[in-house]
Structure formats: structure tokens, C-alpha cells
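# Structure assessment
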Amino acid sequence: AQSVTQPDIHITVSEGASLELRCNYSYGATPYLFWYVQSPGQGLQLLLKYFSGDTLVQGIKGFEAEFKRSQSSFNLRKPSVHWSDAAEYFCAVGAYSGAGSYQLTFGKGTKLSVIP
Amino acid sequence: DGGITQSPKYLFRKEGQNVTLSCEQNLNHDAMYWYRQDPGQGLRLIYYSQIVNDFQKGDIAEGYSVSREKKESFPLTVTSAQKNPTAFYLCASRPGLLVGYGYTFGSGTRLTVV
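Please read all numbers here as calculations on a predicted model, not as lab measurements.

So, about the overall build of chain A. The number of helices and strands found in chain A is zero helices and 12 strands. Along chain A, helices (α) and strands (β) appear in the sequence β-β-β-β-β-β-β-β-β-β-β-β when read from the amino end. Relative to the compact-globule value of 13 Å for 116 residues, chain A shows a C-alpha radius of gyration of 14 Å, a close match. In terms of overall dimensions, chain A has a C-alpha envelope of 45 × 30 × 20 Å along the principal axes. Classification of the 116 residues of chain A by burial places 45% in the buried group. Contacts in chain A between residues at least 24 apart in sequence constitute 53% of all its contacts with a sequence separation of at least 6. The average position of the 9 basic charges and that of the 8 acidic charges among the side chains of chain A differ by 5 Å.

This is the structure in C-alpha cells:
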């Protein structure tokens, strides 16, 4: 079965600093990978996704992520963080479950705090 | 604009009561999902449905029930059998049976037992 690990529960960065959020996945085949962002009390919004091809994918709000098959990682990056980026970030892998249905499996999230 | 509407945004339940959370989508998506979110535990799958009149249990289905009588609607009932229902509930959908698509999420319902 597939799984996702986000090693960092909480990260604090200063506004204007660079950001990298880590995500490691476990899946036997080529994965479909996603990053979502959630503001407090809101639903999840898709930031970016990787299906195949170029391993560096661009998303909304200036985010990008790099797929590294050898490391089973899909880390999210942003060159310069804004105060409005403070939120919780979820990595997810899409795959077929044992019951034959396609589902996303989510990591437990990384909460990002931004210091002005 | 297309999207998923969850209602109500806040819901209060007394001990022993059943309550129903609404989820409606106008995206023409086939698959719909219900997740429960607790602090530090990420998203846990309650139920999902891939087509009308069919649904499957997720990881934490005990104490919950669903129906899928219409493509647009996937209501979740939290029954009195659910021991600790206070949580944030998220509904999601995705198009068809094609792989590779992410989910579209609603804005959630916060349920509190009083």
C-alpha cells in the first residue's frame, strides 16, 4: 500500500526567506504526486501536481516541486516566502488501492509559520 | 463557477443525536469522498463513492453512514454510535475513473458535540 511521510510537523521561516517542505512517498510504480495548501478553517487547495515528464513542476502562488525517483521524494519549494503563505501543507500520492479504486493518500501535513 | 458546497459550516450536536452533513458538487465529477480531520492526524478517509448508488468504507467508517442517490450529492450522517465526532469534515470529488487527477475539496464543516 502507498504511504506519504512529511517529516516536519511545523516549520517557521522569516518573510522573504526561501522555503523547502519535505515529502517522501512509498509506492511501487510511478506515482501521481500532489501538494495541497490549507488555510485555517478552510478546505484544501491544489498547489501543483506531477504525473510524468519534467521532474520540476511549477504551481500556483510561486511554488514549485521536484520529483526525485531515486530518493522517493517530492519536495515543495518557494524562493521567497510571503506572510500570506502561512498555512498547512499536505503532500499526497495517487494510486490504486487494494480494492481496485483510485485514491489519494495524504501525509499528515506540515504547518508553516511566517515571521514578519 | 463550479465547485463543491458543504453545509452547514458549523454544526453542533447533542449527545445521542444523529446529524447529517451536506456535500453538493456541480463539477460533474463521478467520484466523491468524505474525510475527517483532527489536529496532527492529517486526513482520514471515512467513505467514498465512485458512481451513483455505490459507496465503499474507508479507514474510519464506524459510526458514519452515507448515501449516493444523485451524482451531485453525497451526504454524510454522523450517528450516535460515533464515540468522538467532534472534528472538521471535508468533502472532495474528482472526475471520472481516470487516474492521475487530484481532488477538489469543499470548504468543510466543523462539527462540535455539546
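Right, let's get into the overall build of chain B. Scanning chain B from N- to C-terminus turns up zero helices and 11 strands. Written out in order from the N terminus, the α and β elements of chain B read β-β-β-β-β-β-β-β-β-β-β. Over its C-alpha trace chain B gives a radius of gyration of 13 Å, about what one expects of a compact globule, namely 13 Å for 114 residues. Reported as C-alpha extents along the three principal axes, the dimensions of chain B are approximately 40 × 25 × 25 Å. Looking at the 114 residues of chain B, the share that counts as buried comes to 50%. Approximately 5,400 Å² of chain B is accessible, and the part contributed by carbon and sulfur atoms is 48%. Of the charged side chains in chain B, 12 are positive and 10 negative, and the gap between their average positions amounts to 5 Å.

This part takes up the pairing of strand E9 (residues 73-78) of chain A. Residue and element names in this part refer to chain A. Within E9, five of the six residues are buried, which leaves it mostly tucked inside the rest of the structure. Sheet topology note: the strand E3 (residues 19-21)/E9 ladder contains three bridges and is antiparallel. By the bridge assignment, Leu21 is partnered in E9 with Leu76. Where strand E8 (residues 64-68) meets E9, five bridges bridge the pair, whose relative direction is antiparallel. Looking at the pairing, Glu64 lines up with Arg77 of E9. Linking E8 to E9, which pair antiparallel, is a turn of four residues; within it Ser72 sits at a positive phi near 50°.

Frequently, the measure chosen for interface size is the accessible area that the parts lose on association. Across the contact, 19 residues belong to chain A and 23 residues belong to chain B. Carbon and sulfur atoms make up 57% of the surface buried where chain A meets chain B, a total of about 1,700 Å² over both sides. Secondary structure elements with two or more residues in the side of chain A that touches chain B: strand E5 (32-38), strand E10 (87-96) and strand E11 (102-106) of chain A. Taken together, the residues that form the side of chain A that touches chain B break down as 11 nonpolar, seven polar and one charged.

Another point: the sheet that holds strand E7 (residues 64-66) of chain B. Residues and elements named next belong to chain B. Pairing within the open sheet is antiparallel, and its four strands lie in the order E1-E3-E8-E7. Whereas interior strands pair on both sides, the edge strands pair on one side only; in this sheet they are strand E1 (4-7) and E7. For this sheet, the mean inter-axis angle between neighbouring strands, taken without regard to orientation, is 20°. In the sheet, strand E3 (residues 19-25) pairs with strand E8 (residues 76-78) via three bridges, with the strands oriented antiparallel. Residue pairing for E8: Thr20 is matched across the bridge by Thr77.

This brings us to a nonpolar patch on the surface. Side chains of B:Tyr10, B:Phe12 and B:Val114 sit close together on the surface and give an oily, nonpolar patch of about 370 Å² of accessible area. Tracing the chain through its elements places B:Phe12 in strand E2 (residues 10-13).

Counting 26 residues, the largest nonpolar core has A:Leu19, A:Trp35, A:Leu47, A:Leu48, A:Phe74, A:Leu76 and A:Tyr89 as the members making the most contacts within it. Broken down by secondary-structure element, the contributors of at least two residues to this core are strand E2 (10-14), E3, E5, strand E6 (44-50), E8, E9, E10 and strand E12 (110-115) of chain A. With 20 residues, the next largest nonpolar core counts B:Met32, B:Phe74, B:Leu76 and B:Val78 among its residues.

One pass over the full model with this rule turns up seven salt bridges over all chains. In this structure, B:Asp38 and B:Arg36 form a salt bridge, with 2.8 Å as the shortest nitrogen-oxygen distance. Judged by relative accessible area, B:Asp38 falls into the buried class, the value being 11%. Taking relative accessible area as the criterion, B:Arg36 reaches 4% and is therefore assigned buried. Between B:Arg44 and B:Asp38 there is a salt bridge, with its nearest N and O atoms 2.7 Å apart. Through salt bridges with shared partners, a single network forms among A:Glu64, A:Glu66 and A:Arg77.

Rules used in this analysis
Throughout, a residue's number is its position along its own chain's written sequence, starting from 1. Going through the entries in the order they are written, you letter the chains from A and number the ligands from 1. Only residues with pLDDT of at least 70 are given local features in this predicted model, and only at 80 or more are side-chain atom pairs given and counted; all residues enter the totals for whole chains, interfaces and linings. For the side-chain quantities, the full set of heavy atoms in the structure was used; hydrogens and water were omitted. Secondary structure counts use DSSP, requiring at least four H or I residues in a row for a helix and at least two E residues in a row for a strand, with both numbered from the N terminus. Each radius of gyration is computed over the set of C-alpha atoms, and the globule rule expresses the reference value as 2.2 Å times the number of residues to the power 0.38. Using a 1.4 Å probe on the protein chains alone, a residue whose accessible area is under 20% of its type maximum counts as buried, one over 50% counts as exposed, and one in between counts as partly exposed. Throughout, a residue-residue contact means that at least one pair of heavy atoms, one from each residue, lies within 4.5 Å. In this tally, Lys and Arg are treated as positive and Asp and Glu as negative; His is ignored, and so are the chain termini. For the purpose of locating charges, the reference atoms are NZ of Lys, CZ of Arg, CG of Asp and CD of Glu. Throughout, the Shrake-Rupley method with a 1.4 Å probe supplies accessible areas, and for residues the shown protein chains are the sole cover considered. Two strands pair if DSSP finds at least two bridges between them. Accessible area, probed at 1.4 Å, shrinks when two parts are joined; the buried area is that loss added up over both. When residues are grouped by polarity, Ala, Val, Leu, Ile, Met, Phe, Trp, Tyr, Cys and Pro land in nonpolar, Asp, Glu, Lys and Arg in charged, and all others, Gly among them, in polar. As a rule, the C-alpha atoms of each element are fitted with a line to give its axis, helices using only the stretch in contact, and angles between N-to-C directions run from 0 to 180 degrees. Patch building starts from residues that exceed 30% relative accessible area and form no salt bridge, then joins like charges within 9 Å and nonpolar side chains (Val, Leu, Ile, Met, Phe, Trp, Tyr) within 5 Å. Take a side-chain nitrogen of Lys or Arg and a carboxyl oxygen of Asp or Glu: if they are within 4 Å of each other, that pair is a salt bridge. Here the nonpolar core consists of buried residues drawn from Ala, Val, Leu, Ile, Met, Phe, Trp, Tyr and Cys, with membership extended through side-chain atoms lying within 4.5 Å.

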